[in-house]
Amino acid sequence: MLYSDTIVALATPAGTGAIAVIRISGPEAISLSDSIFASVKKKKLKQQKTHTIHLGHIVDNGKVLDEALVSIFKGPTSYTGEDVVEISCHGSPYVQQQIVNLLLRKGCRTASAGEFTLRAFLNGKMDLSQAEAVADLIASDSAAAHDIALQQMRGGFSHEIQKLREELLNFASLIELELDFSQEDVEFADRTQFNALLNKISEVLKKLIDSFALGNVIKKGIPVAIVGQPNVGKSTLLNALLNEERAIVSDIAGTTRDTVEDQISLKGINFRFIDTAGIRETQDVVEKIGIERTFDKIDKARLIVFLFDKVDFDRSELQRIQQRYPNKQILPVCNKMDLLTPDQVEALKKEIPNVLFLSAKHRKGIDVLEEKLSGLVDSGALSGDRTIISNSRHYDALLKALEEIQKVKEGMEMGLSSDLMAIDIRQALFHLGEITGQVTTDDLLGNIFSNFCIGK
Ligand SMILES: Nc1nc2c(c(=O)[nH]1)N(C=O)[C@@H](CNc1ccc(C(=O)N[C@@H](CCC(=O)O)C(=O)O)cc1)CN2
Ligand SMILES: Nc1nc2c(ncn2[C@@H]2O[C@H](COP(=O)(O)OP(=O)(O)OP(=O)(O)O)[C@@H](O)[C@H]2O)c(=O)[nH]1
Ligand SMILES: [Mg+2]
């Protein structure tokens, strides 16, 4: 047992609810609970089996505070690996506070953010990437982000990394052993097998690294900038997409000054739409700042909806944006189709092959745009078992691990001596271990768990 103190925290949100859950973990969890709980069956929790629930009263100095259900989980078969007790009490803030205070008086300590999960990690109940996934799962607000977190929580990719790391560790030991026999020129580590392992590891690492572009974007929501000249209907389109009068619309060119943004989920993926100030030459100081912000937002966006509203729109503006952002997906969209003749529509279609038509004001064609946007996200990558990483800490560690693996491979090809190769292998092992938590520092753990909720 790593910890000698017993921690307590409210596991449900503060405030009034039907029921609130108070969570206790540590060596004294059961005895402390016994000291404040009188079960209707008159049996002590200590005598009860793990994973059982008991009805009774929470009593403070002979005074009944609440009727409650108490669940017990005996270590090591619990979430944290320690003895855990959960008190489900009535959800009044007063009752919650009284019970927590009572437990503090009896000798519990207030849990810090994420401390239950930190203990689960330190007690070997989960590895670090699984613990991080718990926080991601709680924070996930779209189906896709939820899927990624859940997969990671189940150990999807950390088990794979762990296995590869062990195989690499094996070779490291053999190669280090060769150092002891350096006079005799022996090779304990089969170089062909070792090379095959290095290739396998690089392949896995590369796949995971590539998945980050999508994973990160899914976690944060895909930023889509709506840009175009003043008055083309950008704010109207934002409102239509959000189904809410979010941005001010008027027939005065230059209405939107500051950017306005909001999220919606399309087919389980979050998109963050950013309405921007219309681009034009202007002497207005405030409008100028707004237009600068438009370009800042385009820099950060992943997709650009270029909106225009008439047949004779300024083609040079579209070209300028295409030239300035050659690596971004730009979607030309023609608004106010209600004002166009069928001939004009046909002509535009011919000129701009992938153009979409809609009428933001009349909410026509919005579904086509939505369809198109969600189609642009590589949905094939989302379905199936492919692992997607979404955590930048993992991404950094994977990049560094891959770099070291490449060094080892190059070293082998150049016939580098075992001692130098061993150093690079150790580095690779270090970075792989950072992901699963086999290598940690207090700083790192502090960083990760302080972002959790209290009670988690
Ligand atoms: N009331 C409650 N609900 C909860 C949690 C919790 O801690 N309490 N969880 C917290 O996040 C999640 C469930 N996760 C859990 C994971 C493991 C164990 C557990 O007791 N594991 C044991 C024994 C498993 C068994 O054999 O039944 C173990 O792993 O050894 C409990 C909850 C979501 N819902
Ligand atoms: N006929 C028609 N008018 C539209 C349509 N969409 C928007 N409008 C009108 O176009 C005018 C400008 O709309 P906004 O949404 O404010 O335009 P904007 O692009 O945000 O303009 P700035 O913020 O000034 O850059 C308003 O009068 C809208 O009602 C449409 O589909 N058809
Ligand atoms: Mg506007």
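Residues numbered from 1 in each chain as written. Chains lettered and ligands numbered in written order. Predicted model: local features only at pLDDT ≥ 70, side-chain atom pairs only at ≥ 80, totals over all residues.

For the rest of this paragraph, the subject is the site of ligand 2. Around ligand 2 sit 24 residues in total, of which Gly-233, Ser-235, Thr-256, Gly-278 and Lys-361 are the nearest. Considered class by class, the residues forming the shell around ligand 2 number seven nonpolar, 12 polar and five charged. (Near = placed C-beta within 6 Å. Nonpolar A, V, L, I, M, F, W, Y, C, P; charged D, E, K, R; others polar.)

The next thing to look at is the sheet that holds strand β2 (residues 19-25). One key point about sheets: their strands pair by backbone hydrogen bonds, in either a parallel or an antiparallel sense. Read from one edge of the open sheet, seven strands run β3-β4-β5-β6-β2-β1-β7, paired in mixed fashion. Where the open sheet ends on each side, the last strands, each with one partner, are β3 (37-39) and β7 (109-110). Across five bridges, the pairing between strand β5 (residues 63-73) and strand β6 (residues 84-90) is antiparallel. Among the inter-strand pairings, Val-70 is bridged to a residue of β6, identified as Ile-87. (Pairing = 2+ DSSP bridges. Helix = DSSP H or I, 4+ residues; strand = E, 2+ residues; numbered from the N terminus.)

This paragraph deals with the domain arrangement of the protein. Domain assignment breaks the protein into domain 1 (7-127), domain 2 (131-216 + 391-437) and domain 3 (221-381). Counting from both sides, the interface comprises seven residues of domain 2 and, opposite them, six residues of domain 3. Where the side of domain 2 that touches domain 3 is concerned, the elements lending two or more residues are α5 (143-153) and α7 (191-220). Looking at which element gives the most residues to the side of domain 2 that touches domain 3, the answer is α5, with three residues. (Domains from an automatic or database assignment. Contact = placed C-beta atoms within 7 Å.)

On to the nonpolar core. The biggest cluster of nonpolar side chains holds 112 residues, and the ones touching the most others in it are Val-224 and Ile-226. Among the elements that make up this core, the one with the highest residue count is α7 (eight residues). Among all residues touching Ile-226, those that are not within four sequence positions of it are Lys-234, Leu-237, Leu-238, Phe-273, Ile-274, Asp-275, Thr-276, Val-305 and Leu-307. (Core = buried A, V, L, I, M, F, W, Y, C linked by C-beta atoms within 7 Å. Buried ≥ 20, exposed ≤ 12 C-beta atoms within 10 Å, placed from the backbone.)

All of the buried residues along α5 are Ala-144, Ala-145, Ile-148, Ala-149 and Gln-152. The buried residues of α5 occupy one face: seen down the axis, they fall within an arc of 135°. One or two residues past the end of α5 sits Gly-155, with phi positive at roughly 90°. (Arc of directions from axis to C-beta.)

Before going further, it helps to examine the site of ligand 1. Neighbouring residues of ligand 1: His-51, Phe-73, Thr-77, Ser-78, Tyr-79, Glu-86 and Lys-125. Among the residues making up the shell around ligand 1, the classes are represented as two nonpolar, three polar and two charged.

Let us now look at the UniProt feature "binding site: (6S)-5-formyl-5,6,7,8-tetrahydrofolate" (unreviewed entry) in the protein. Per the UniProt entry, the sites bearing "binding site: (6S)-5-formyl-5,6,7,8-tetrahydrofolate" (unreviewed entry) are Arg-23, Glu-86, Lys-125 and Lys-456 in this numbering. Here Arg-23 shows up in strand β2. Overall, Arg-23 belongs to the buried group, with 22 C-beta atoms counted inside 10 Å. For Arg-23, the contacting residues outside a window of four places in its chain are Ala-9, Ala-11, Val-84, Glu-86, Phe-116 and Gly-455. Looking at where Glu-86 falls in the secondary structure, it is placed in strand β6. For Glu-86, the residues in contact, after removing those within four places along its chain, are Val-21, Ile-22, Arg-23 and Ser-71. (UniProt positions renumbered as here; feature names shortened; annotations may be inferred.)

Looking now at the sheet that holds strand β11 (residues 303-308). The sheet built from six strands is open, its strands ordered β9-β10-β8-β11-β12-β13 with mixed pairing. Edge positions in the sheet fall to β9 (260-266) and β13 (356-357), since each has one partner strand and no second. Here six bridges tie β11 to strand β12 (residues 329-334), and the two strands are oriented parallel to one another. Each bridged residue has a counterpart across the sheet, and for Ile-304 the counterpart in β12 is Ile-330.

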